[in-house]
Amino acid sequence: MIANRLREVDREECAAMGRTAKQAMRLGLATSGKAWTALVDGKPEAMFGVVVEDLINGLGTPWFLGTDEVYRHGRELLMWGPGFVSRLGDSLQRLGNLVSSRNRQAIRLLQCWGFTVEEDEIMIRGVAFRRFSKVIS
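Residues numbered from 1 in each chain as written. Predicted model: local features only at pLDDT ≥ 70, side-chain atom pairs only at ≥ 80, totals over all residues. Heavy atoms only, no water.

**Some remarks on the sheet that holds strand S5 (residues 116-124)**
1) Next: Taken in spatial order, the 6 strands make up an open sheet running S1-S2-S3-S4-S6-S5, and their pairing is mixed. If you trace the sheet from one side to the other, it starts and ends with strand S1 (34-40) and S5, each paired once. Averaged over all pairs of adjacent strands, the angle between strand axes in this sheet comes to 25 degrees, irrespective of strand direction.
2) Next: Where strand S4 (residues 94-100) and strand S6 (residues 127-135) come together, 7 bridges link them in antiparallel fashion. Looking at S6, one finds that Val99 is bridged to Arg130. (Pairing = 2+ DSSP bridges. Helix = DSSP H or I, 4+ residues; strand = E, 2+ residues; numbered from the N terminus. Axes fitted to C-alpha atoms, helices over the stretch in contact; angles between N-to-C directions.)

What follows is the structure, encoded as C-alpha coordinates:
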(Lines give C-alpha, C1' and ligand atoms only; values in the text may rest on other atoms or scores of the structure.)
Protein backbone atom coordinates (compact mmCIF):
# COMPACT_ATOMS: atom_id res chain seq x y z
CA MET A 1 0.00 0.00 0.00
CA ILE A 2 1.37 3.39 -1.02
CA ALA A 3 0.06 5.22 2.08
CA ASN A 4 2.22 3.09 4.39
CA ARG A 5 5.37 3.97 2.43
CA LEU A 6 4.61 7.61 1.57
CA ARG A 7 7.55 10.02 1.55
CA GLU A 8 7.94 11.86 4.85
CA VAL A 9 7.42 15.27 3.24
CA ASP A 10 4.18 14.03 1.65
CA ARG A 11 3.02 12.74 5.06
CA GLU A 12 3.81 16.15 6.53
CA GLU A 13 1.73 17.86 3.82
CA CYS A 14 -1.20 15.52 4.48
CA ALA A 15 -1.02 16.11 8.25
CA ALA A 16 -0.96 19.88 7.75
CA MET A 17 -4.20 19.50 5.80
CA GLY A 18 -5.69 17.51 8.69
CA ARG A 19 -5.48 14.07 7.11
CA THR A 20 -3.49 10.88 7.38
CA ALA A 21 -1.78 9.66 4.22
CA LYS A 22 -4.48 7.03 3.75
CA GLN A 23 -7.29 9.57 4.20
CA ALA A 24 -5.66 11.99 1.75
CA MET A 25 -5.22 9.31 -0.90
CA ARG A 26 -8.79 8.04 -0.49
CA LEU A 27 -10.16 11.58 -0.67
CA GLY A 28 -8.05 12.38 -3.73
CA LEU A 29 -9.22 9.25 -5.50
CA ALA A 30 -12.89 9.76 -4.53
CA THR A 31 -13.05 13.42 -5.57
CA SER A 32 -10.85 13.42 -8.67
CA GLY A 33 -12.26 13.71 -12.14
CA LYS A 34 -9.17 11.83 -13.28
CA ALA A 35 -6.67 9.82 -11.22
CA TRP A 36 -3.88 7.34 -11.89
CA THR A 37 -1.61 5.00 -9.99
CA ALA A 38 2.04 4.91 -11.02
CA LEU A 39 3.63 1.46 -11.00
CA VAL A 40 7.34 0.74 -10.73
CA ASP A 41 8.17 -2.87 -11.59
CA GLY A 42 4.48 -3.70 -11.15
CA LYS A 43 4.30 -2.21 -7.64
CA PRO A 44 2.17 0.90 -6.88
CA GLU A 45 4.46 3.77 -5.89
CA ALA A 46 2.38 6.93 -6.43
CA MET A 47 -1.12 8.22 -7.01
CA PHE A 48 -2.02 11.47 -8.70
CA GLY A 49 -4.97 13.21 -10.22
CA VAL A 50 -7.00 16.39 -10.45
CA VAL A 51 -10.06 17.52 -8.50
CA VAL A 52 -12.33 19.76 -10.57
CA GLU A 53 -13.08 22.72 -8.31
CA ASP A 54 -15.04 24.89 -10.75
CA LEU A 55 -15.98 23.47 -14.13
CA ILE A 56 -17.59 26.70 -15.36
CA ASN A 57 -14.36 28.65 -14.81
CA GLY A 58 -12.12 25.68 -15.61
CA LEU A 59 -10.31 25.44 -12.25
CA GLY A 60 -8.72 22.23 -11.04
CA THR A 61 -6.54 21.11 -8.14
CA PRO A 62 -3.80 18.64 -9.13
CA TRP A 63 -2.32 16.36 -6.49
CA PHE A 64 0.50 13.82 -6.34
CA LEU A 65 1.48 11.56 -3.44
CA GLY A 66 4.30 9.05 -3.73
CA THR A 67 6.92 6.89 -2.10
CA ASP A 68 10.67 7.51 -2.17
CA GLU A 69 10.86 5.06 -5.08
CA VAL A 70 9.13 7.54 -7.40
CA TYR A 71 11.96 10.04 -7.13
CA ARG A 72 14.50 7.38 -8.09
CA HIS A 73 12.91 7.63 -11.54
CA GLY A 74 13.43 11.34 -12.21
CA ARG A 75 14.08 10.89 -15.92
CA GLU A 76 10.74 9.13 -16.36
CA LEU A 77 8.95 11.81 -14.32
CA LEU A 78 10.42 14.51 -16.52
CA MET A 79 9.52 12.61 -19.67
CA TRP A 80 5.98 11.47 -18.80
CA GLY A 81 4.94 14.40 -16.59
CA PRO A 82 4.01 16.96 -19.26
CA GLY A 83 1.69 14.47 -20.96
CA PHE A 84 -0.12 13.73 -17.73
CA VAL A 85 -0.36 17.42 -16.82
CA SER A 86 -1.92 17.96 -20.23
CA ARG A 87 -4.40 15.15 -19.59
CA LEU A 88 -5.20 16.54 -16.14
CA GLY A 89 -6.05 19.88 -17.63
CA ASP A 90 -7.66 18.85 -20.92
CA SER A 91 -11.05 20.26 -19.87
CA LEU A 92 -9.69 22.90 -17.49
CA GLN A 93 -8.09 26.30 -17.97
CA ARG A 94 -6.07 26.60 -14.77
CA LEU A 95 -4.48 24.12 -12.38
CA GLY A 96 -3.27 25.10 -8.93
CA ASN A 97 -2.55 23.82 -5.44
CA LEU A 98 -0.09 24.11 -2.56
CA VAL A 99 3.27 22.39 -2.11
CA SER A 100 5.36 22.24 1.06
CA SER A 101 8.28 24.66 0.90
CA ARG A 102 10.45 21.75 2.11
CA ASN A 103 9.39 19.59 -0.84
CA ARG A 104 12.29 20.72 -3.06
CA GLN A 105 12.06 17.78 -5.46
CA ALA A 106 8.37 18.43 -6.11
CA ILE A 107 8.98 22.16 -6.57
CA ARG A 108 11.70 21.51 -9.16
CA LEU A 109 9.50 18.98 -10.94
CA LEU A 110 6.52 21.35 -11.00
CA GLN A 111 8.71 24.06 -12.51
CA CYS A 112 10.04 21.65 -15.15
CA TRP A 113 6.43 20.79 -16.02
CA GLY A 114 5.65 24.47 -16.59
CA PHE A 115 4.01 25.41 -13.30
CA THR A 116 4.74 28.73 -11.63
CA VAL A 117 5.69 28.23 -7.98
CA GLU A 118 5.28 31.37 -5.90
CA GLU A 119 7.98 32.52 -3.48
CA ASP A 120 5.58 33.71 -0.76
CA GLU A 121 4.81 31.16 1.93
CA ILE A 122 1.52 30.34 3.60
CA MET A 123 1.62 28.68 7.02
CA ILE A 124 -0.84 25.85 7.65
CA ARG A 125 -0.62 24.03 10.98
CA GLY A 126 3.02 25.00 11.31
CA VAL A 127 4.03 23.89 7.79
CA ALA A 128 5.15 26.43 5.20
CA PHE A 129 3.51 26.00 1.79
CA ARG A 130 3.91 27.73 -1.56
CA ARG A 131 1.17 28.12 -4.17
CA PHE A 132 1.75 26.69 -7.62
CA SER A 133 -0.33 27.15 -10.75
CA LYS A 134 -0.40 26.70 -14.48
CA VAL A 135 -2.64 28.19 -17.14
CA ILE A 136 -3.53 25.54 -19.69
CA SER A 137 -3.44 26.79 -23.25
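Next comes the rest of the description.
**Structural notes on the nonpolar core**
1) Next: Judged by nonpolar contacts, the single largest core of 17 residues is most densely connected at Val99 and Phe115.
2) Next: Of all elements in the fold, only strand S2 (43-54), helix H3 (74-88), S4 and helix H4 (104-112) reach the threshold of two or more residues within this core.
3) Next: Examining the composition of this core, we find that 4 residues originate from one element, H4, more than from any other.
4) Next: The residues contacting Phe115, other than those within four sequence positions of it, are Pro62, Val85, Leu95, Leu110, Phe132, Ser133 and Lys134. (Core = buried A, V, L, I, M, F, W, Y, C linked by side-chain atoms within 4.5 Å. Buried < 20%, exposed > 50% of the residue type's maximum accessible area, 1.4 Å probe, protein only. Contact = heavy atoms within 4.5 Å.)

**What to know about the environment of Glu69**
1) Next: Locating Glu69 in the fold gives a position in the loop between strand S3 (59-66) and H3.
2) Next: In the structure, Glu69 is positioned 25 residues away from Pro44 in sequence and 9.8 Å away in space, judged by C-alpha atoms.
3) Next: Setting aside its immediate chain neighbours within four residues, Glu69 contacts Val40 and Glu45.

As far as function goes, none of this settles anything; it's purely spatial.
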